[in-house]
Each structure stands twice: as structure tokens, then as C-alpha cells.
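Here is how the chains run, residue by residue.
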Amino acid sequence: METTRKHRVPEMEGFQARWYAKNRGTEPQLAQYRRQAVEVTSGLKEGADVLEVAPGPGFFAVELAKRGFHVTGLDISHTMVEIALGEAQKAGVDVDFKQGDVTHAPFADESFDFLVCQAAFKNFRQPVAALNEMHRVLRPGGFAVIHDLNHEATGAEIGREVAGMNVGAVSGFTVRQTLAWLRRRAFTREQFEALAAESAFGGCSVTTDGIGLEVRLTR
């Protein structure tokens, strides 16, 4: 039976989206995106087709494109798509950012070799439907990586994470409060494993990573 959450976080548009983009675009954050781009694509063939679900301001998708992959981004926020297109243009890379809902992804079956979703999965109202669409658009042998908050992350761990963002005292307080609120929506390792088992993937592997979880799924 499909798991449906009663509530979801509203899509970020306008000022809220631009505030989020500003706080995710600090140099420490960009350096982290560069490191993650290397780590998550290790072993991926040159020129592979990559989909980032909910890329937000597009910083990570841009780093993937810099590494020579064909990158597409799908975000439900119109403002985020606009911001991401601007970031790709500034970086001189070609990323196909589209507006749309992951539970009805506007892509043909078996379109991508790799899929990544960061800091957004907890907001999906139909998580199993989202996983099923991820499975559908992946090619056989393709894999997906989901990074998200760990429901069991402590306040101290969140504090250390925000301190490393280097966003200043006022923004740092706001980000800590936001993460603490979002943590209530986040999944535990066991919940992710149950969702994956219910989906077309049939299972997953989950590891802890700071305040977050890394979920790997293979088609």
C-alpha cells in the first residue's frame, strides 16, 4: 500500500527561495558540493546521463556538469528553476533544469544512469510513489543516492553542521531552527528501509553521515 504523508513543506518560491539559495551558496557549502560530486559519481562512466531531483538553486547539479556528465534537474519550485538556470549560465555549463513533480516525472522510461536527491526527500508527500518514479527513469544497472536529514540527529550535531556553513550569527540561528523543525519530518534508517522495500527498488542500503543519512538504491 502506498505511503502518503498528510502534510508536506510548501514549495519554496520568491523571497524564501532566494534566501535559501543565498545561504546554500557560501564558499564552504560550494566546496562541499565539489567534494560530494566527486564522491557520489565515483565509477560512473564518462558522459553518463544524470538526474538531480529537487536541485534547488542548482549548485550541486552545476558541479556534476563540470565533471562532464549530461545533467538534468527536476524541481517543483518555479523560482528555484529560474535561480538554477542562472547559476548554470554563470558557470558556463549546460544543465537542463525543468519544473515538475517527481511523482509524475516528465521523462521516458530508462532515461538516466544515475539519480541524486539531496535534502528534499522528507518533503515528498508520496515517498513510495517518488521512489517508484526514480526506479522507472533509471536504466537497468543504474543507481540512486538520496541524502537527507536523519530524524535521530541531535541538537548538538545540527549546531556543528551549521557552524561549518559559515553563514553568520543571524542566519546561523535561523538555519539551526529550520533544521530542527525539518528534522521532525525526516525519516530514520528503519523508515527508509521500509519505504524502499515497499517500492519497485525492493530494498536499499543506508549509512549515517553527520546529521544526515545516505541511502543507495540500485535498479
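Sequence order as written defines residue numbering, which begins from 1 separately in each chain. Predicted model: local features are reported for residues with pLDDT of at least 70 only, side-chain atom pairs are reported and counted for 80 or more only, and whole-chain, interface and lining totals are derived from all residues. Water and hydrogen atoms were dropped before computing side-chain values, which therefore reflect all heavy atoms in the structure.

Undergrad: Looking at this structure, I do not really get the sheet that holds strand β6 (residues 205-209). What am I missing?
TA: The pairing of strands in a sheet happens through backbone hydrogen bonds and is either parallel or antiparallel. As summarised here, the arrangement of the seven strands in space is β3-β2-β1-β4-β5-β7-β6, forming an open sheet in which the pairing is mixed. Lying at the two open borders of the sheet, with one neighbouring strand each, are β3 (95-99) and β6. This sheet shows a mean twist of 15° between the axes of neighbouring strands, independent of strand direction. A strand pair is defined by DSSP finding two or more bridges across the two strands. Where helices and strands are cited, they refer to DSSP runs of H or I of at least four residues and of E of at least two residues respectively, numbered from the N terminus. Note that strand β1 (residues 49-53) and strand β2 (residues 70-75) share five bridges and pair parallel. Within β2, the position partnered with V53 by the bridge is L74. Between two residues, a contact is recorded if the distance between any of their heavy atoms is within 4.5 Å. Here an axis means a line fitted to C-alpha atoms, over the contact stretch when the element is a helix, while the angle between two N-to-C directions is reported on a 0 to 180 degree scale. Packed on one face of the sheet, helix α5 (residues 127-137) meets β1, β4 (112-118), β5 (138-149) and β7 (212-218) and runs near 145° to β5.

Undergrad: When you look at helix α4 (residues 78-91) in this model, what are you seeing that I'm missing?
TA: Residues separated by three or four positions in an α-helix point in the same direction, a consequence of the helix having 3.6 residues per turn. In a regular helix each residue adds 1.5 Å, so 14 residues correspond to 20 Å; α4 covers 20 Å between its end C-alpha atoms and thus fits that length. What α4 keeps buried is the set T79, M80, V81, I83, A84, E87 and A88. Counting of polar contacts relies on pairs of N or O atoms within 3.5 Å, with two restrictions inside protein: one atom must be capable of donating a hydrogen and the other of accepting it, and residues adjacent in sequence are counted only when both atoms are side-chain atoms. The N-cap of α4, judged by a side-chain oxygen 3.4 Å from the amide nitrogen of T79 a few residues on, is S77. Following α4 by one or two positions, G92 adopts a phi angle in the positive range, close to 75°. Every helix has an expected span of 1.5 Å times one less than the residues it contains. Relative accessible area decides the class of each residue, using a 1.4 Å probe on protein chains only: under 20% of the type maximum gives buried, over 50% gives exposed, and in between gives partly exposed.

Undergrad: Sorry if this is basic, but what is going on with empty space enclosed by the protein here?
TA: Where empty space is left becomes clear once a probe the size of a water molecule has been rolled over the atoms. Here a cavity denotes a set of grid points, spaced 1 Å apart and computed over the protein atoms alone, in which a 1.4 Å probe fits but from which it cannot get out, and a pocket denotes an open set meeting protein on both sides within 12 Å along at least five of seven lines; residues with an atom within 4 Å of a point are reported as lining. Grid points are joined across faces, edges and corners, and a volume is the space filled by probe spheres set on the points. This structure, assessed with the given rule, holds one cavity of 30 Å³ or more. By volume, the largest cavity amounts to about 30 Å³. Looking at the largest cavity, the residues that line it are L51, V53, L74, V102, A105, L115, E133, M134 and V137. Sorting elements by how many residues they give to the lining of the largest cavity places α5 first, with three residues. Residues were grouped as follows: Ala, Val, Leu, Ile, Met, Phe, Trp, Tyr, Cys and Pro as nonpolar; Asp, Glu, Lys and Arg as charged; and all remaining residues, including Gly, as polar. When grouped by side-chain class, the residues that make up the lining of the largest cavity number eight nonpolar, no polar and one charged.

Undergrad: Please explain the environment of V145 as it appears in this structure.
TA: Position of V145 relative to the elements: it lies in strand β5. We classify V145 as buried; its relative accessible area is 0%. Sequence spacing of V145 and T41 is 104 residues, and the spatial spacing of their C-alpha atoms is 9.8 Å. Sequence-distant contacts of V145, that is, excluding residues within four places in its chain, are made with F114, L115, V116, C117, E214, V215 and R216.

Undergrad: Help me understand the packing of aromatic side chains in this model?
TA: To describe a pair of aromatic rings, one takes the distance between the centres and the angle between the planes. Each aromatic pair joins two rings of Phe, Tyr and Trp (for Trp, the six-membered one) with centres within 6.5 Å, and gets the label stacked for planes under 30 degrees apart, edge-to-face for over 60, and tilted for any other angle. In total, this model carries eight aromatic pairs according to the counting rule given. When the centroid spacing of 5.2 Å and the interplanar angle of 90° are considered together, the rings of F107 and F112 count as edge-to-face. Each member of the pair, F107 as well as F112, is classed as buried. Look at F121 and F124: their rings are 5.4 Å apart centre to centre, the planes differ by 65°, and that puts the pair in the edge-to-face class.

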